[in-house]
Amino acid sequence: MASVAGSSTLMASLSCHKPNQALTRASNFNAVSLAINGKSFTSLKLYSAPSRLRISCAAKPETVDKVCGIVRKQLALPEDSAVTGESKFASLGADSLDTVEIVMGLEEEFGISVEEESAQTIATVQDAADLIEKLIEKK
């Protein structure tokens, strides 16, 4: 059995009695003490940190346009076909082999190397453009 207790103006204590039950979110604690199987651990002081601002920028329009062109070429789509940043490779008719060929075309065009794990996260033109700019920035 594990037990977590905290003190703050909003929350007095929490207990977890079942093995599969877990505390998933708690906030506004000033201090926390932990007891597991009857053993107590010293209290931990928690200090509040200011909220952090996270800014995420989309890829440049030129990069998205270039990726759209490469996707059109790899999938042999007509020049007037609607391919945008939101276009999903699968809805454009791409299978897994097509996606690998698209990634290879992007690597060649932009002079980058895409790791397999990163390549598997690409589902849209925008995903590809964002990854390209991230990799170019690292160079």
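Above this text is the structure in question.
Right, let's walk through the structure included here.

Conventions used here
Residues numbered from 1 in each chain as written. Predicted model: local features only at pLDDT ≥ 70, side-chain atom pairs only at ≥ 80, totals over all residues. Heavy atoms only, no water. Helix = DSSP H or I, 4+ residues; strand = E, 2+ residues; numbered from the N terminus. Buried < 20%, exposed > 50% of the residue type's maximum accessible area, 1.4 Å probe, protein only. Contact = heavy atoms within 4.5 Å. Salt bridge = Lys/Arg side-chain N within 4 Å of Asp/Glu carboxyl O. Core = buried A, V, L, I, M, F, W, Y, C linked by side-chain atoms within 4.5 Å.

**As for the overall build of the protein**
Phase 1 of the analysis: Broken down by element type, the protein carries 4 helices and 4 strands.
Phase 2 of the analysis: If you list the helices and strands of the protein from N to C, you get β-β-β-β-α-α-α-α.
Phase 3 of the analysis: Relative to its 139 residues, the protein shows a buried fraction of 30%.
Phase 4 of the analysis: Counted over contacts in the protein with a minimum sequence separation of 6, partners at least 24 positions apart contribute 50%.

**A short note on the pattern of salt bridges**
Phase 1 of the analysis: Applying the stated criterion to the full structure yields 1 salt bridge.
Phase 2 of the analysis: E109 is the partner of K66 in a salt bridge, and the nearest nitrogen-oxygen pair spans 3.5 Å. You can see K66 sitting in helix 1 (residues 61-74) and its partner E109 sitting in helix 2 (residues 96-110), a full 43 residues away along the chain.
Phase 3 of the analysis: With relative accessibility at 38%, the residue K66 sits in the partly exposed group.
Phase 4 of the analysis: Residue E109 is classed as partly exposed on the basis of its relative accessible area of 42%.

**Quick word on the nonpolar core**
One broad trend across soluble globular proteins is that nonpolar side chains are buried collectively.
Phase 1 of the analysis: Counting 25 residues, the largest nonpolar core has V67, V71, F89, L106, F110, V114 and V125 as the members making the most contacts within it.
Phase 2 of the analysis: Of all the elements in the fold, those that place two or more residues in this core are helix 1, helix 2 and helix 4 (125-138).

**Description of unusual backbone geometry**
Phase 1 of the analysis: Residues other than glycine seldom take positive phi values, yet A76 does so here, at roughly 55 degrees.
Phase 2 of the analysis: By the secondary structure assignment, A76 is in the loop between helix 1 and helix 2.

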